[in-house]
Amino acid sequence: MEKRADPSESKLEELASATADRLPRMLDDVTRLLRHDWPDYADFIVTERDEVLVAASIFLHRLVRMAKWDITELSELSEAPDQQPDQLGEQSVFEEIGRAQWQQGRDLTSLLSAYQIGARVAWHHVAEVALEVGVSPDVFASLAEAVFIFVDQLSSASARGYVLEQSEAAAARERLRDELGGMLLSDRSDTAAIRAAAARVDWPLPREAAVVLVEPDNPVGTALLARLDHSCLHVRRQRTVCAIIPDPNGPQRRQRLSVALRGAGAVVGHAVPLENLPASMRVAEVAAQLRHAGVLGDDPVFVDEHLDSIIVHRDPRLLDAFRTQCLAPLDALGPVTRQRLCETLASWLRHLGDRRAVAEELHIHPQTVRYRLSQLRELFGERLDDPDNRRRLTLALAWGDPSPAR
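Since the structure is predicted, the reported quantities are computational estimates derived from the model, not experimental observations.

### Details of the packing of helix α14 (residues 335–350) against helix α17 (residues 387–397)
- At a minimum axis separation of 10 Å, α14 and α17 run at an interaxial angle of 120°. It follows that α14 is oblique to α17 by the angle criterion. For the element pair α14 and α17, the recorded crossing hand is left-handed. Here Cys342, Leu345, Ala346, Trp348 and Leu349 of α14 come into contact with α17, specifically with Arg390, Leu393, Thr394 and Leu397.
- Residue classes in the contact of α14 with α17 are distributed as 7 nonpolar, 1 polar and 1 charged.

### As for helix α2 (residues 39–47)
- Among the residues of α2, Tyr41, Ala42 and Ile45 are the ones counted as buried. Across the axial projection of α2, the buried residues extend over an arc of 100°, all falling on one side.

### Some points on the environment of Leu12
- Positionally, Leu12 belongs in helix α1 (residues 9–37).
- Along the sequence, Leu12 and Val139 sit 127 residues apart, while their C-alpha atoms lie 8.5 Å from each other.

### Let's talk about the pairing of strand β2 (residues 233–236)
- Here β2 shows a buried face lined by Leu233 and Val235 and an unburied face lined by His234 and Arg236.
- Sheet topology note: the β2/strand β3 (residues 241–246) ladder contains 4 bridges and is antiparallel. Its bridge partner being in β3, Val235 is matched across the sheet by Cys242.

### Structural notes on the pattern of salt bridges
- Overall, the coordinates contain 22 salt bridges when judged by the stated rule.
- The residue Glu128 makes a salt bridge to Arg22 at a minimum N-O spacing of 2.8 Å. One end of the pair, Glu128, is in helix α6 (residues 108–133); the other, Arg22, is in helix α1, and 106 residues separate them in sequence.
- Since its relative accessible area comes to 30%, Glu128 is described here as partly exposed.
- One salt bridge connects Asp187 with Arg282, and the closest N-O pair in it is separated by 3.1 Å. Of the two residues, Asp187 sits in the loop between α7 (137–184) and α8 (191–200) while Arg282 sits in helix α11 (residues 277–293), which places them 95 residues apart along the sequence.
- Classification of Asp187 as exposed rests on a relative accessible area of 56%.
- For Arg282, a relative accessible area of 38% corresponds to the partly exposed category.

### Re the confidence of the model for the protein
- Here the protein averages 82 in pLDDT, and 90% of its residues register 70 or above.
- Of the regions scoring below 50 in pLDDT, residues 1–7 engages in 17 contacts with residues more than four places distant in sequence or in other chains.

### Overview of the nonpolar core
- Counting residues in each nonpolar core, the largest one holds 43 residues, and the members touching the most others are Leu15, Leu34, Leu63, Trp123, Val126, Val135 and Leu143.
- At the level of secondary structure, the elements contributing two or more residues to this core comprise α1, α2, α3 (49–67), α6 and α7.
- The dominant element in this core, judged by the number of residues it contributes, is α6, at 14 residues.
- Those residues within four positions of Leu15 in sequence are excluded, and the remaining contacts are Val64, Val126, Val129, Ala130, Val133, Val135 and Leu143.
- Of all hydrophobic cores here, the second largest spans 31 residues; its members include Val235, Cys242, Val267 and Val286.

Analysis parameters
- Residues numbered from 1 in each chain as written.
- Predicted model: local features only at pLDDT ≥ 70, side-chain atom pairs only at ≥ 80, totals over all residues.
- Heavy atoms only, no water.
- Axes fitted to C-alpha atoms, helices over the stretch in contact; angles between N-to-C directions.
- Helix = DSSP H or I, 4+ residues; strand = E, 2+ residues; numbered from the N terminus.
- Parallel < 35°, antiparallel > 145°, perpendicular 65-115°, else oblique.
- Left-handed = near helix turned anticlockwise from the far one by under 90°.
- Contact = heavy atoms within 4.5 Å.
- Nonpolar A, V, L, I, M, F, W, Y, C, P; charged D, E, K, R; others polar.
- Buried < 20%, exposed > 50% of the residue type's maximum accessible area, 1.4 Å probe, protein only.
- Arc of directions from axis to C-beta.
- Pairing = 2+ DSSP bridges.
- Salt bridge = Lys/Arg side-chain N within 4 Å of Asp/Glu carboxyl O.
- pLDDT = per-residue confidence, 0-100.
- Core = buried A, V, L, I, M, F, W, Y, C linked by side-chain atoms within 4.5 Å.

So, in C-alpha cells, the structure goes:
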C-alpha cells in the first residue's frame, strides 16, 4: 500500500518518540491490570521486561506506519489481514506465542483477553500523547483504527498458532499411540520399550487387555469402534480395524462394550496380560473368520464364550479330516438322508439318548426318531455305545451339518 502525502508526518514522529518514552509506564499499567486474573502473564512481563519492551517498540513503530494510511486502506487491511506483508515478523512471533500457549496447557481465551487489555492500555497512552502533540483529527481516527486492527491481527496469528500446534500435537500423539498399539501386538517388542512408549502418550499400562476387531469394509463397525473412549488404543492393520481395550473385565465393562459395539459385527478377544496380547490377537482373528463364515453369530462375539468353537475350527483341514473319519458310515447315503440322520444323531447325543426330547427338538414323531436311530445303529453298530466314540461324534456334529465326504 502507498502512503499518502501528509504534512502531519512530523507530528506522528513526535508522537512515536513521546510514546516510546511512555513504554515503561504502559507495561506497568498492563502488569497491574493482569495481576489479578492472569498473574502468569504479569510475571512474564516483569521477568522478561527487556524482551517485552522490544516487542512494544515494534508495536509502536508498526502503529505509526499504519496511521499514515487512510481509513479506506485500514478497512481493507482489517478485512484481509492475511494478505498483508509481515515486514517485521510480528505474525510469526505471535503465532509462536499461540503455539507456546498450547504447549504450556493454557487456554487461548485468556491470552486473547490479555491482548485486549494491552490494546486498551496502549490506546489510552497513545491517545493522551496524540492530544498533547496535536495530531490532526483524521490521523487520530487512523490511530484508533490501527490499534485495534493490529491487535486483531496479532490475536488471529496467536489463535492460528494455537490451533496449528494443537492439531500437530494431536496428530503426533495419535502416531505415538498407533506405534504403541503395534508394539503391544508384536511378538518382537520388549517390556522396557513398551513402558517407554506408553509413558510418551500417558497411557497407563493395564494388568490385562483385549483386542476388538471389525472388518475394514464395515463402515458402521468402524464408526462404532472410533467412538470407544480414549483409554482404548486404535491400531491400523491391513485386514481389520482394531482397538486394544484396557482391563476388559472391569466392573460393567463387558456390558458397556456389548452395548457400544452392537451392530458393529465386532469380535472382542479374551482378556490376557499384555505379554500375551499377540497370541490373543491371533485367536480373535480366527473368531473373526468364523463370524464371517456364519459359524459364530453373536453381536458382538466375545471370544471367551466361544473358545470351544475356535479350538475346533482353528484348522479347517484338520476338522474336515476328523469329520470325514467320524462320519464315514454315512458316506454312501444321499444328501437328504445324510442330513436327517446327522441332525437326529446330534440331537440324540445332546439329549443323552432321550428319544422324547429328540422328537420335541426336531418336531417329529417319536416313532420317526425310533426309525432313524435304528438306521444309525445299522450304520455305526456298537460304536454308538462307546463313550469315546460318542465324544468324537459330538465334536464332529456340534457346529452344524458337515459337508458329505468327497
